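# Secondary and tertiary structure notes
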Amino acid sequence: GDREYSFSRDRQSAHLSQTGSIMAKPMAKEGDVVPSIVFKTRTRIPVESENPFDWKDVTTEDLFKGKRVVLFSLPGAFTPTCSSTHLPGYEKNYEAIKAMGIDDIYCLSVNDAFVMRQWGLKQGLEEVGGGA
């Protein structure tokens, strides 16, 4: 079959087909609609247990529809630059970002929910509801 690969470079997204041709596509920009996807999330539940979490499906519509949202991504939790610069920068500027009419700020990474939770706690972030 025809294999397809995607990669990002210099603020553009590119598509590489098996034949080797490259077609550049612009990356997402302000005002774009986020594709409809279902995230498998871990949500805290009110039980006394070693594992007080349950699986919950959260859609992009649940997170983004009708909202102004900042979505930033990181190469990985617990990496030196992400831990010392990237995440702290958003945390430091949280109130200023919210003052610009932003409803929510989300961090996306390649890590699973368990790693992201532990990293957030280690970074001193407060756990909040919402399951994402």
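Heads up: these notes are all about the structure in this document. Counting of residues starts from 1 at the beginning of each chain's written sequence and follows it residue by residue. Per-residue local features are limited, in this predicted model, to residues with pLDDT of at least 70; the limit for side-chain atom pairs, both in listing and counting, is 80 or more; totals at the level of whole chains, interfaces and linings are taken over all residues. Side-chain numbers here rest on the full set of heavy atoms in the structure, without hydrogens or water.

On to unusual backbone geometry, then. Even without glycine at this site, Phe78 takes up a positive phi of about 65°. Residue position: Phe78 is located in the loop between strand E6 (69-74) and helix H2 (80-92). Overall, Phe78 belongs to the partly exposed group, its relative accessible area being 43%. Helix and strand assignments come from DSSP, with helices taken as H or I runs of at least 4 residues and strands as E runs of at least 2, each series counted from the N terminus. We call a residue buried when its accessible area falls under 20% of the maximum for its residue type, exposed when it is over 50%, and partly exposed in between, using a 1.4 Å probe and counting protein chains only.

Our next topic: the packing of aromatic side chains. Note on ring pairs: Phe, Tyr and Trp rings are taken, using the six-membered ring of Trp, and paired if centres are within 6.5 Å. Classes follow the plane angle, with under 30 degrees stacked, over 60 edge-to-face and the rest tilted. If you walk through the whole model with that rule in mind, you get three aromatic pairs. Ring plane angle 90° and centroid distance 6.4 Å describe the contact between Trp55 and Phe114, whose orientation is recorded as edge-to-face. You can see Trp55 sitting in strand E5 (residues 53-59) and its partner Phe114 sitting in helix H4 (residues 113-122), a full 59 residues away along the chain. Of the residues examined, Trp55 reaches a relative accessible area of 52% and is grouped as exposed. Phe114 gets classed as partly exposed once you look at its relative accessible area, which sits at 46%. Summarising the aromatic geometry, the rings of Phe72 and Tyr90 are spaced 3.7 Å apart at their centres and angled 5° between planes, so their arrangement reads as stacked. Here Phe72, found in strand E6, pairs with Tyr90, found in helix H2; they are 18 residues apart in sequence, far enough to count as distant. We call a charge positioned over a ring when the NZ of a Lys or the CZ of an Arg lies within 6 Å of the ring centre and within 35 degrees of the ring normal. Over the aromatic face of Trp55 sits the side chain of Arg42, whose NZ or CZ is 4.5 Å from the ring centroid.

Glancing now at H4. Of all the positions in H4, only Met116, Trp119 and Gly120 are classed as buried. Mapping the buried residues of H4 onto a view down its axis gives an arc of 100°, with all of them on the same face. For this analysis, residues touch if any pair of their heavy atoms sits within 4.5 Å. Looking at the buried side of H4, the elements it contacts are E6, H2 and strand E7 (104-109). Here a polar contact means two N or O atoms within 3.5 Å. Within protein one must be a hydrogen donor candidate and the other an acceptor candidate, and residues neighboring in sequence count only if both atoms are side-chain atoms. For H4, the N-terminal cap is Asp112; the gap from its side-chain oxygen to the backbone nitrogen of Phe114 is 3.0 Å. Immediately downstream of H4, the backbone of Gly124 shows phi near 85°, a positive value. To obtain the arc, one takes the directions from the helix axis to the C-beta atoms.

Spatial relationships are all this shows, so hold off on functional conclusions.
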